[in-house]
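# Close look at the chain arrangement
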Amino acid sequence: GENVGLHLPTLSVQEGDNSIINCAYSNSASDYFIWYKQESGKGPQFIIDIRSNMDKRQGQRVTVLLNKTVKHLSLQIAATQPGDSAVYFCAEKAPVGGGYNKLIFGAGTRLAVHP
Amino acid sequence: GAVVSQHPSRVICKSGTSVKIECRSLDFQATTMFWYRQFPKQSLMLMATSNEGSKATYEQGVEKDKFLINHASLTLSTLTVTSAHPEDSSFYICSALAGRETQYFGPGTRLLVL
């Protein structure tokens, strides 16, 4: 989950296909995870979250899978649409003393949907 | 629900001046807000955590005298970039904590220092 590099990995898909965006997180103690979507020039938009006591959660057209054994998170988007084109970030929250909830963001993946 | 606004959306200023950015939670109260900075094609970098009624907590390497944070009410946090320089040009994004854990983000403020 480190903020790295100038080059975002890109996933290119055809409209209507399913998309899977992957994320490796860094802290085995992290207990809460969120996926955000960020369109160009805008702030991140909440998509879906999952707690560490779950391994799958479904929303509308999206599913998040959590594999704690290998510290891996994925976001599945069904029937991908051109409007899904954006950069997707995973974020993890580790239990932190002091009572505040800091998120650590992954590097991001650009999803490009082609008609 | 959980709407966060930022103002201004864009600002251009001269080197040496100060710029204030406001972050508001519109339909909920947020005792905790966060300020991030994002460079092109990079991820979000947390600058500081803003707590209502108390001092902000800054991340390592972020100068608290350079980036002044005030969280005077449960719906408003401000970030002031003091004596701005061209290297401070960036996309600044705030978020507000809704409930225990979920952060909702504002639309961001693009700062250009000439």
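The paragraphs below set out a description of the structure included in this document.

Time to look at the overall build of chain B. For chain B, the count of helices and strands is zero helices and eleven strands. Helices and strands in chain B line up, N terminus first, as β-β-β-β-β-β-β-β-β-β-β. The globule rule puts the C-alpha radius of gyration for 114 residues at 13 Å, and the 13 Å found for chain B is close to it. Per-residue burial over chain B gives 53% buried out of 114 residues. Across chain B, contacts joining residues at least 24 apart in sequence account for 53% of those joining residues at least 6 apart. Summed over all atoms, the accessible surface of chain B reaches about 5,400 Å², with 52% contributed by carbon and sulfur. Distance from the positive charge centre (11 side chains) to the negative charge centre (9 side chains) of chain B: 6 Å.

Turning next to the interface of chain B and chain A. Across the boundary between the two partners, chain B contributes 24 residues, which contact 25 residues of chain A. The tally of links between chain B and chain A comes to three salt bridges. Glu-101 of chain B is paired through a salt bridge with Lys-93 of chain A; the nearest N and O atoms lie 3.6 Å apart. At the junction of chain B and chain A, the tally comes to seven residue pairs in polar contact (both at pLDDT 80 or more). Those elements giving two or more residues to the side of chain B that touches chain A turn out to be β4 (32–38), β5 (44–51), β9 (90–98) and β10 (102–105) of chain B. When grouped by side-chain class, the residues that make up the side of chain B that touches chain A number eleven nonpolar, eight polar and five charged.

Criteria and cut-off values
- Residues numbered from 1 in each chain as written.
- Chains lettered and ligands numbered in written order.
- Predicted model: local features only at pLDDT ≥ 70, side-chain atom pairs only at ≥ 80, totals over all residues.
- Heavy atoms only, no water.
- Helix = DSSP H or I, 4+ residues; strand = E, 2+ residues; numbered from the N terminus.
- Rg over C-alpha atoms; globule rule 2.2 N^0.38 Å.
- Buried < 20%, exposed > 50% of the residue type's maximum accessible area, 1.4 Å probe, protein only.
- Contact = heavy atoms within 4.5 Å.
- Areas by Shrake-Rupley, 256 points an atom, 1.4 Å probe, with all protein chains shown as cover.
- Lys, Arg positive; Asp, Glu negative; His and termini not counted.
- Charge placed at Lys NZ, Arg CZ, Asp CG, Glu CD.
- Salt bridge = Lys/Arg side-chain N within 4 Å of Asp/Glu carboxyl O.
- Polar contact = N/O pair within 3.5 Å; in protein donor to acceptor, adjacent residues only side chain to side chain.
- Nonpolar A, V, L, I, M, F, W, Y, C, P; charged D, E, K, R; others polar.

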